[in-house]
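Observations on chain architecture
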Amino acid sequence: MRSTDSSNTLSVLRLLALSVALLALAGCDQVTATLGLNEAQLKDTEAKAIGGACRHAQRGPEDCYTLNPKAAKAAVFEGWREMDQYMRENNIEGSPSAIAKPPEPPPRRAAARASPPAEN
């Protein structure tokens, strides 16, 4: 009876260890992003996604570059081009973006006088 209990305990421990290992490995992407590993690949992928989103929003690549100045232009264009090809092959219509321009701030008055002129 003792050997069965110990084998069950051992099997539960193995399952627990395997579960912990799989859980730790599932977070590898988060760890690499946090540590800055493969940052170039992450930025490239993000720029491609931006390009694809811009194409779907019926924006031109130039508008994409203007709206996302930190994204790599080559990757943005590649994502835009891939999405364009995909949309043409599957007869997908784009969705125009509905970004409303923020209201313009009220005009500033002349610079406030720091102190009244000194009297002599």
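It should be noted that the structure appears before, not after, this text.
Below is a short write-up of the structure. Just so we're clear, the structure is a prediction, and the values are computed from it rather than from any experiment.

**Quick word on the overall build of the protein chain**
Along the backbone of the protein chain there are five helices and zero strands. When the helices and strands of the protein chain are placed in sequence order, the string is α-α-α-α-α. When burial is assessed residue by residue, the protein chain has 15% of its 120 residues classed as buried. Contacts in the protein chain between residues far apart in sequence, at least 24 positions, make up 64% of those at least 6 positions apart. With the model as given, the accessible surface of the protein chain reaches about 10,500 Å², and the carbon-plus-sulfur share is 58%.

**Describing helix H3 (residues 39–56)**
The end-to-end C-alpha distance of H3 is 26 Å, a good match for the 26 Å that 18 residues give at a rise of 1.5 Å each. Within the span of H3, buried status applies to Ala47, Ile50, Gly51, Gly52, Cys54 and Arg55. In this fold, the buried residues of H3 make contact with helix H4 (61–67) and helix H5 (73–89). Directly after H3, the chain includes glutamine 58, whose backbone phi takes a positive value near 60°.

**Digging into the state of the cysteines**
By the definition in use, this model includes one disulfide. Residue cysteine 54 pairs covalently with cysteine 64 via a disulfide, S to S 1.9 Å. Every disulfide takes its handedness from the sign of the S-S torsion; for cysteine 54 and cysteine 64 that torsion is 135°, giving right-handed. Residue cysteine 54 is found in helix H3, and its partner cysteine 64 is found in helix H4; the two are separated by ten residues along the sequence. Across the pair, cysteine 64 and cysteine 54 agree in class, each one buried.

**Observations regarding the pattern of salt bridges**
Under the defined criterion, the tally for this structure stands at four salt bridges. For glutamate 82, the salt bridge identified is with lysine 48, shortest N-O distance 4.0 Å. Highlighted residues: glutamate 82 in helix H5 and lysine 48 in helix H3, separated in sequence by 34 residues. The class for lysine 48 is partly exposed, based on a relative accessible area of 26%. Salt bridges sharing partners connect three or more residues here, namely Lys48, Glu78 and Glu82.

**Things to note about the packing of aromatic side chains**
Inspection of the entire model under this criterion finds one aromatic pair. The residue whose ring lies beneath arginine 55 is tryptophan 80, and the NZ or CZ to ring-centre distance is 5.8 Å.

**Observations regarding the nonpolar core**
Ala47, Ile50, Cys54, Cys64, Ala71, Ala75, Val76 and Trp80 together form the largest nonpolar core, which totals eight residues. Elements that contribute at least two residues to this core include exactly H3 and H5. Excluding its chain neighbours within four sequence positions, the residues that come into contact with cysteine 64 are Ile50, Gly51, Cys54 and Val76.

**What about the environment of alanine 47?**
Along the polypeptide, alanine 47 turns up in helix H3. Note: C-alpha distance between alanine 47 and lysine 70 (23 residues apart in sequence) is 8.9 Å. Apart from residues no more than four positions distant in its own chain, alanine 47 is found in contact with Ala71, Ala72, Ala75 and Val76.

Calculation rules
Residues numbered from 1 in each chain as written. Predicted model: local features only at pLDDT ≥ 70, side-chain atom pairs only at ≥ 80, totals over all residues. Heavy atoms only, no water. Helix = DSSP H or I, 4+ residues; strand = E, 2+ residues; numbered from the N terminus. Buried < 20%, exposed > 50% of the residue type's maximum accessible area, 1.4 Å probe, protein only. Contact = heavy atoms within 4.5 Å. Areas by Shrake-Rupley, 256 points an atom, 1.4 Å probe, with all protein chains shown as cover. Expected span 1.5 Å × (residues − 1). Disulfide = S-S within 2.5 Å. Salt bridge = Lys/Arg side-chain N within 4 Å of Asp/Glu carboxyl O. Phe/Tyr/Trp six-rings, centres within 6.5 Å; stacked < 30°, edge-to-face > 60°. Lys NZ or Arg CZ within 6 Å of the ring centre and 35° of its normal. Core = buried A, V, L, I, M, F, W, Y, C linked by side-chain atoms within 4.5 Å.

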